[in-house]
Amino acid sequence: AQSVTQLDSQVPVFEEAPVELRCNYSSSVSVYLFWYVQYPNQGLQLLLKYLSGSTLVKGINGFEAEFNKSQTSFHLRKPSVHISDTAEYFCAVSPGTSYGKLTFGQGTILTVHP
Amino acid sequence: EPEVTQTPSHQVTQMGQEVILRCVPISNHLYFYWYRQILGQKVEFLVSFYNNEISEKSEIFDDQFSVERPDGSNFTLKIRSTKLEDSAMYFCASLGTANTEAFFGQGTRLTVV
């Protein structure tokens, strides 16, 4: 079984500031890692994913994440946020045998202030 | 761009009533999923469906729940006798054989009164 912990439920930040949203996971098997974003009144949209290879992955809208196996973390970063990045962000893992059966963290609400 | 669509966006039902949530997955996808998110809680996996049968289900997915692909395009989640605690946002997702991530619909907010 897998579990995911997002360490911050809410992150307020000013526009153009950097941001890091933290995610830790536990699993007895190898996993794939994902970050999804949910804008108000919309569905879950994939930001980025780690399947294998380079531990630094880049996604849409200038986001990136780094997989750290020893620390079982997959933190999401953006060097300069925009007002439009205000949304809820979900970290998720799936077992290495399936891309679709996801275990989600509780979500982090990112609020970007002008 | 292809997308997963869910209807209705919001449904209110009385406790004890049957409800059917509908999803149209992306057309060439073969793997289908339902998730739910109770307000303030995590998004939780309910069930996966492949080749016209359930491939995996969670503890939440008890006898009150069922899924069906009644035709070549729709994927439905039925709750036979709704309870207050079934109130949640329900997400449908689909995955193609060439994909490495699931695509989610915008969700159906179910309110049981």
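Residues numbered from 1 in each chain as written. Chains lettered and ligands numbered in written order. Predicted model: local features only at pLDDT ≥ 70, side-chain atom pairs only at ≥ 80, totals over all residues. Heavy atoms only, no water.

**Thoughts on the overall build of chain A**
Cut-off, in case you're wondering: Numbering goes from the N terminus for both helices and strands, where a helix is a DSSP run of H or I of at least four residues and a strand is a run of E of at least two. As a reference, a globule follows 2.2 Å times the number of residues to the power 0.38, and the radius of gyration itself is taken over C-alpha atoms. Contacts between residues were defined by any pair of non-hydrogen atoms, one from each residue, lying within 4.5 Å. Only the protein chains shown count as cover for residues, and all accessible areas are computed by the Shrake-Rupley method using a 1.4 Å probe. Note on charges: Lys and Arg go in the positive column, Asp and Glu in the negative column, and His and the chain ends are not counted at all. Note that the charge is assigned to NZ on lysines, CZ on arginines, CG on aspartates and CD on glutamates.
Of regular secondary structure, chain A possesses zero helices and 12 strands. For chain A, the N- to C-terminal ordering of α and β elements is β-β-β-β-β-β-β-β-β-β-β-β. Computed over its C-alpha atoms, the radius of gyration of chain A comes to 13 Å, within 12% of the 13 Å expected for a compact globule of 114 residues. Pairs at least 24 apart in sequence give 57% of the contacts found in chain A among residues at least 6 apart. When the accessible surface of chain A is summed, it comes to about 5300 Å², and 51% of that surface belongs to carbon and sulfur atoms. Seen as two clouds, the 7 positive and the 8 negative side-chain charges of chain A have centres 12 Å apart.

**Structural notes on the interface of chain A and chain B**
We apply this condition: Using a 1.4 Å probe, buried area is obtained as the accessible area two parts lose upon being combined, added over both of them. Any Lys or Arg side-chain nitrogen located within 4 Å of an Asp or Glu carboxyl oxygen qualifies as a salt bridge. Counted as a polar contact is a pair of N or O atoms within 3.5 Å, where, for protein atoms, one must be capable of donating a hydrogen and the other of accepting one, and residues adjacent in sequence contribute only when both atoms are in side chains. In the scheme used here, Gly and all other residues not listed as nonpolar or charged are polar, with Ala, Val, Leu, Ile, Met, Phe, Trp, Tyr, Cys and Pro taken as nonpolar and Asp, Glu, Lys and Arg as charged.
Listed per partner, the contact involves 19 residues of chain A and 16 residues of chain B. Carbon and sulfur atoms make up 59% of the area that chain A and chain B hide from each other, which totals about 1500 Å². For the pair chain A and chain B, the interface holds two salt bridges. The residue Glu56 of chain B makes a salt bridge to Lys101 of chain A at a minimum N-O spacing of 3.0 Å. Across the contact surface, chain A and chain B share seven residue pairs in polar contact (both at pLDDT 80 or more). Taken together, the elements giving at least two residues each to the side of chain A that touches chain B come down to β5 (31–38) and β6 (44–50) of chain A. For the side of chain A that touches chain B, the per-class residue count stands at 10 nonpolar, seven polar and two charged.

**So, the nonpolar core**
The test is simple: For the purposes of this section, nonpolar cores are sets of buried Ala, Val, Leu, Ile, Met, Phe, Trp, Tyr and Cys residues that join through side-chain atoms within 4.5 Å. Burial status follows relative accessibility: with a 1.4 Å probe on protein chains alone, a residue under 20% of its type maximum counts as buried, one over 50% as exposed, and anything between as partly exposed.
If you look at the biggest cluster of nonpolar residues, it comprises 28 residues, and the most contacted ones within it are Leu33, Trp35, Leu47, Leu48, Phe74, Leu76 and Tyr89 of chain A. Grouped together as the second largest cluster of nonpolar side chains are 22 residues, Val19, Phe32, Leu46 and Tyr90 of chain B included.

**A few points about the environment of Gln106 of chain B**
Tracing the sequence through the fold places Gln106 of chain B in the loop between β10 (103–104) and β11 (108–112). C-alpha separation for the pair Gln106 of chain B and Thr5 of chain B, spaced 101 residues apart in sequence, amounts to 6.9 Å. Not counting residues within four places of it along the chain, the set of residues in contact with Gln106 of chain B comprises Gln42 and Gly43 of chain A together with Val4, Thr5, Gln6, Met89 and Phe91 of chain B. Of note is the side chain of Gln106 of chain B, whose polar atom sits 3.1 Å from the backbone oxygen of Gln6 of chain B.

**A closer look at the state of the cysteines**
Residue and element names in this part refer to chain A. Convention followed: Two cysteine sulfurs form a disulfide in these notes if their separation is within 2.5 Å.
Scanning all chains against the criterion turns up two disulfides over all chains. One disulfide in the model links Cys23 with Cys91; its S-S distance is 2.0 Å. Note on the Cys23 and Cys91 pair: the S-S dihedral is about -65°, so by sign convention the disulfide is left-handed. With Cys23 in strand β4 (residues 23–27) and Cys91 in strand β10 (residues 87–95), this pair connects stretches of sequence that are 68 residues apart.

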